[in-house]
Amino acid sequence: MRERRSSTGLLLACLLSFTGCSLSPLARNTAQFSTATSAVVENTRNAYRAAVRLNEDAQYSLLVARYDSDHPMDPHSIRPLIDEKGLEARTEVLDGLRVYAQTMADLSSGVSSPQLNQAAAACGANLKSLGDALSSATPVGIKISDTEANAASTALKALGDLLINREIKQSVPKVIRDMDPNVDALTKLLSSDIDVLRDQASRDYEQILAQQDQFIRHAGTSLAPVERRAEVQRLPRILADKKATEDMLADLKSSLQKLAVTHHALAAAATSKNDASLQARIADLRASAEGLADFYESLSRSK
Amino acid sequence: MAPSKSSPKLPPQPATTPLAMPTTDDQCSSAAPAETDPLALPPALTDPDTIETYKTLYDVLGRAYWEASDLTAKDTIQGARDAIYEILTDLNIAKLEANTALFLALKTKIRDSNKALEEIRDRINAITKNISTASSVIAAIAKVASIAPTLL
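Just so you know, the residues in each chain are numbered from 1, in the order the chain's sequence is written. Throughout, the order in which chains and ligands are written sets their labels, letters from A for the former and numbers from 1 for the latter. Since the coordinates come from a predicted model, pLDDT governs what is reported: local features require at least 70, and pairs of side-chain atoms require 80 or more to be given and counted, while whole-chain, interface and lining totals use all residues.

### Some remarks on the overall build of chain B
Next, step 1: Helix and strand definitions here come from DSSP, where helices need a minimum of 4 consecutive H or I residues and strands a minimum of 2 consecutive E residues; each element is numbered from the N-terminal end. Each helix and strand in chain B was counted, giving two helices and zero strands.
Next, step 2: Contacts are defined on C-beta atoms placed from the backbone: any two residues whose C-beta positions lie within 7 Å are in contact. Taking all contacts inside chain B whose residues are at least 6 apart in sequence as the whole, residues at least 24 apart take part in 65%.

This is the structure we're talking about:
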């Protein structure tokens, strides 16, 4: 009996080493890539929102400046920097990228494990019931102990994990490789957008700044000294916001470039065991994205 | 005097037919067909040198604005600056619209990749389901075996 128990224990130990207890490199890499991608996607989405709002502010400022002029601006002529359709297309693509990274991470980490565990456990329990039933119904004398039933469950789980891992190793790297040119094209396209947003934001701030200055000068003495002081103090703050936005968009462009490079390294690592450089790239990308997230939070607080 | 947004958007330009969307980005040059683009700009404004010249002029006028000490001069300078701002804004809006077409094309490719991942998920679920089925079969045999003595 002792010998039987020790052999069962040995079987369990073998199975555990066979299936592996820790995350595979692919699972670890895709999970980290997913987290970093999610941050970059969120930052990019915020950048669009901020740029569209800033441009609206600049146009409203122009509307006010021209209100009493010979050529007042028609409020109907105000149009968004990116229209609804354009924002929707960008949002859908960014969401698609996030879903891609998340699904890849879920699959690589074996997200179906709870169901597999449940099925394997049920199988072991049913085997024990079968043994009990056969033992009482026939003279064969088959008896399956709890330990043996658990071993059977573990063996089935190991088999399931093996089949799932094989499926993942065969299929996921191919999807990553196929997606690589698309990620490259997407990040280039987003970078192209960011260049336009940077260019536009710079002039939007300049317009807001000049129109604020004109407002103060035209108001003259109609502003109380304290009001005038507050309005004048807004001028350097507009310039500080301009600098912060320029820096943020430059960092975002850098993050997008890192995203493309990291995905490329992920595609290469999916078929290779050497992922040290990939780990470094992912850490770099994540740090870059987290820095931007802090900036956006500070923007929300200042509004 | 600066033209208002309600008046024709651009300062006098050579009479031209609408052209393809302007962009300095090679990757965007295939987007936005000329005939259907209502935002098509005069060819003069599709030239990168012209665009850079407008940007430089805007910046130079900006410096002139802050150096001017007379309010009337400031108003005049800013009026001209506003006009250039509107031209450059329209160009940027057009570039972003051209990029929208490229985003729409990419959306399909990303959707295809996500579909491929979903198919892998289905195959993984099928493996789990097979083990569940085996469990059900064993349970059914056990049930038959347990009632067998009563049948014999």
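### Some points on the overall build of chain A
Next, step 1: The helix and strand tally for chain A stands at seven helices and zero strands.
Next, step 2: Residues counted as buried form 38% of the 303 residues belonging to chain A.
Next, step 3: Considering only contacts within chain A whose residues lie at least 6 apart along the sequence, 84% involve residues at least 24 apart. Buried residues are those with 20 or more other C-beta atoms within 10 Å of their own C-beta, exposed residues have 12 or fewer, and partly exposed residues lie in between; C-beta atoms are placed from the backbone.

### Let's talk about the interface of chain A and chain B
Next, step 1: Taken together, the contacts link 64 residues of chain A with 59 residues of chain B.
Next, step 2: Of all the secondary-structure elements, those providing two or more residues to the side of chain A that touches chain B are α2 (25-66), α3 (84-108), α4 (113-137) and α5 (146-219) of chain A.
Next, step 3: In terms of residue count, the dominant contributor to the side of chain A that touches chain B is α5 of chain A (26 residues).

### Topic: the confidence of the model for chain A
Detailed reading of the predicted model is not advised wherever pLDDT is low.
Residues and elements named next belong to chain A.
Next, step 1: Of all residues in chain A, 82% have pLDDT values of 70 or greater, and the mean over the chain is 82.
Next, step 2: Residue-level confidence of the predictor, termed pLDDT, takes values from 0 up to 100. For chain A, the element scoring lowest by mean pLDDT is helix α1 (residues 2-19), at 48; helix α6 (residues 225-269) scores highest, at 94.
Next, step 3: Residue range residues 10-21 is modelled with pLDDT below 50. Its contacts to residues more than four positions away, or to other chains, number 11 contacts.

### A word on the packing of α3 of chain A against α5 of chain A
Residue and element names in this part refer to chain A.
Next, step 1: Relative orientation of the contacting elements α3 and α5 amounts to 160 degrees, with a least axis distance of 11 Å. It follows that α3 is roughly antiparallel to α5 by the angle criterion. α3 and α5 meet at a crossing whose hand is left-handed. Judged by residue contacts, Val93, Leu97, Tyr100, Met104, Leu107 and Ser108 of α3 engage Ile168, Val172, Ile176, Met179 and Leu186 from α5.
Next, step 2: Taken together, the residues of the contact of α3 with α5 break down into 10 nonpolar, one polar and no charged. Only the stretch in contact is used when fitting a helix axis, every axis being a line fitted to C-alpha atoms; angles between N-to-C directions are given from 0 to 180 degrees. Working rule for angles: under 35 degrees goes down as roughly parallel, over 145 as roughly antiparallel, 65 to 115 as roughly perpendicular, anything else as oblique. Note: crossing handedness is left-handed where the near helix turns anticlockwise from the far helix by less than a right angle, and right-handed where it turns clockwise. By the convention adopted, Pro, Cys, Tyr, Trp, Phe, Met, Ile, Leu, Val and Ala count as nonpolar, Lys, Arg, Asp and Glu as charged, and the other residues, Gly among them, as polar.

### Quick word on the packing of α2 of chain A against α5 of chain A
Residues and elements named next belong to chain A.
Next, step 1: One way to put it is that α2 packs onto α5 with a least axis distance of 8 Å and a crossing angle of 25 degrees. Taken together, the axes of α2 and α5 are roughly parallel relative to one another. Read as a crossing pair, α2 and α5 show a hand that is left-handed. Along the contact surface, α2 presents Leu26, Thr44, Ala47, Ala51, Leu54, Asn55, Asp57, Ala58, Ser61, Leu62 and Ala65, while α5 presents Val172, Leu190, Ile194, Leu197, Gln200, Ala201, Asp204, Gln207, Ile208, Gln211 and Gln214.
Next, step 2: A per-class count over the contact of α2 with α5 returns 13 nonpolar, seven polar and two charged.

### As for the confidence of the model for chain B
All names here are of chain B.
Next, step 1: Overall, the prediction assigns chain B a mean pLDDT of 74, with 67% of residues at 70 or greater.
Next, step 2: With pLDDT under 50 throughout, residues 1-36 is counted as low confidence; its partners more than four residues away or in other chains account for 78 contacts.
Next, step 3: At the level of chain-chain contacts, confidence expressed as ipTM amounts to 0.74, with global pTM at 0.73.

### With respect to the environment of threonine 91 of chain A
Residue and element names in this part refer to chain A.
Next, step 1: You can see threonine 91 is positioned in helix α3.
Next, step 2: Judged by local crowding, threonine 91 falls into the partly exposed class, with 15 C-beta atoms found within 10 Å.
Next, step 3: In sequence terms threonine 91 and alanine 51 are 40 residues apart; their C-alpha atoms lie 15 Å from each other.

### Regarding the environment of glutamate 42 of chain A
Next, step 1: The residue glutamate 42 of chain A is located in helix α2 in this model.
Next, step 2: For glutamate 42 of chain A, a count of 16 C-beta atoms within 10 Å gives the class partly exposed.

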